[in-house]
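# Observations on the three-dimensional arrangement
What follows is the residue order along each chain.
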Amino acid sequence: MRRGGIQLSRRGLALYRLLTRIVLLLVIVGVGFCFSALTQLPASPLADVAEQSTLSQATRRLFELVTLGGLISAGIMLAGAELSVERAPWLGRLWTALVIASLTLTPFDFAGALELAAAFLALIALAASYRRGETSVFLRVWQIGLLLIAVSFLGAQPLAGQALDAARAFRIQVAYPIAGLSVMFWLMRRYSRVDDEWLQEGLRIVAVLVFLAGGLISLGRLGLPPVIAVGAAALVPLCYMILAGHSYRALASRNENATLATHWIALATLFWLVGGGFLGTLSSQPAINAAMRGTDLAAAQDWLARWALLAIVLGFVNEAASTLRGDNQRVTGYTPLWLMVFGVGLAAITQAGRGVVEIYLRRVGIVDAEALRELLLPLTVVWIICLLAVAAGILTYALGFWLRKPRIILIDD
């Protein structure tokens, strides 16, 4: 049943509507995960369709739009009065238009144009939030992240091959994470008793470290010189451990906040530790990176990096919705959280296992795609079951968000 009515300003209404659309798009992404996985089965009836419509690429694009939409909605709340009442609804409309264009143009080859549109949306959001003079560290870091996202989209346009792979890695290992860190540390202010000055200084430090570690991981796609690769083997995990240390301190000193933002931030930290600290260290080594390229082991690394960002977005959705409702209660339950925790985690483990087997089979001379599908069938079935759990978690998250949606009464700002 829906809750009683709440009063929202135009900015609050625009934010709540954007949160609702993000959750709706996430449901479509969950369905896309399952269909993409089914194409990996031997003699799959969806295989030819997926190749023609680039189903997996479309799903990744929509997944990225969910993250971008979450970051834009966070920017609306971080900016507050610095972002005018007229601009906030327009950011939501522009994001929605980009989502509709992506869904409509999925069967066609307009990936480059859609990436350009995403870059311009990031720049528009950046310009809308900009104000001369002193502003919060959280908003400044968010703006830097949006700028890097736009640059990564624009810079990837003329690239191909390994250079394009490195540019995309930069986007999910550096650009999005820096914007996500601003939201993560801002959320710490809401659920933790730690000092605000410590949070601001910690955000500066961790953002620099993630830029450094993510940059090394991205350059690893091109092949690092041996000396730098050895240094990266020690530096990359250290950077993510320092990030985890900051996250743990905030989690260990919680206040009376009853939302599940803490749980989602803990999950994001875990995914960063594994995907960045462990798999990122491996991928920064030239020989290992060469073996990983094009396998599910590299895909597992990207999978965890994307989900670390999405976990922050889902934590923000919980906290922002609770704030807009004016209460201190959970917006979604524990069931979607645990379904996605185990589904995403086990899917990553299974996908990494598939990647290791792929590397071995290629070394022994088995490179035929259909033969690989046959040999990887047991792991593929487990992987699909994990993705079904993820999809179920997404669906229950969306249902919980919708069923607890209040009746909104618009008031003047």
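Residues numbered from 1 in each chain as written. Predicted model: local features only at pLDDT ≥ 70, side-chain atom pairs only at ≥ 80, totals over all residues. Heavy atoms only, no water.

This paragraph deals with helix α9 (residues 226–252). Between its first and last C-alpha atoms α9 spans 39 Å; for 27 residues at 1.5 Å apiece the expected length is 39 Å, and the two agree. In α9, a bend of some 35° at A232 exceeds every other bend along the element. Along α9, the positions that sit buried rather than exposed are A229, A232, V236, C239, Y240, L243, A244, H246, S247 and A250. Where α9 is buried, its residues meet α7 (161–191), α8 (196–220), α10 (261–283) and α11 (286–292). (Helix = DSSP H or I, 4+ residues; strand = E, 2+ residues; numbered from the N terminus. Expected span 1.5 Å × (residues − 1). Bend = angle between axes of the 7 residues up to and from the residue. Buried < 20%, exposed > 50% of the residue type's maximum accessible area, 1.4 Å probe, protein only. Contact = heavy atoms within 4.5 Å.)

Time to look at empty space enclosed by the protein. Rolling a probe over the atoms, with the probe sized like a water molecule, indicates the empty space that remains. Going through the model one piece at a time under the given rule, you end up with one cavity of 30 Å³ or more. Looking at the largest cavity, its volume works out to about 50 Å³. For the largest cavity, the full set of lining residues is F63, E64, T67, I172, Y176, R306 and L309. Counting only elements with at least two residues in the lining of the largest cavity, the list comes to α3 (55–79), α7 and α12 (296–325). Considering every element that reaches the lining of the largest cavity, the biggest residue donor is α3, with three residues. When the residues that make up the lining of the largest cavity are grouped by side-chain class, the tally is four nonpolar, one polar and two charged. (1 Å grid on protein atoms, 1.4 Å probe; cavity = no way out; pocket = protein on both sides within 12 Å on 5 of 7 lines; lining within 4 Å. Points joined across faces, edges and corners; volume = space filled by probe spheres on them. Nonpolar A, V, L, I, M, F, W, Y, C, P; charged D, E, K, R; others polar.)

Within the element layout of this structure, Q173 appears in helix α7. Setting aside residues up to four positions removed in sequence, Q173 forms contacts with V210, G214, I217, S218, Y240, Q301, D302 and A305.

Here the focus is the nonpolar core. Core analysis: the biggest nonpolar cluster contains 126 residues, and L181, W264, W272, W303, W307 and F316 have the highest contact counts within it. Examining the composition of this core, we find that 18 residues originate from one element, α12, more than from any other. Sequence-distant contacts of W264, that is, excluding residues within four places in its chain, are made with A311, L314, G315, N318, P336, L337, M340 and Y397. (Core = buried A, V, L, I, M, F, W, Y, C linked by side-chain atoms within 4.5 Å.)

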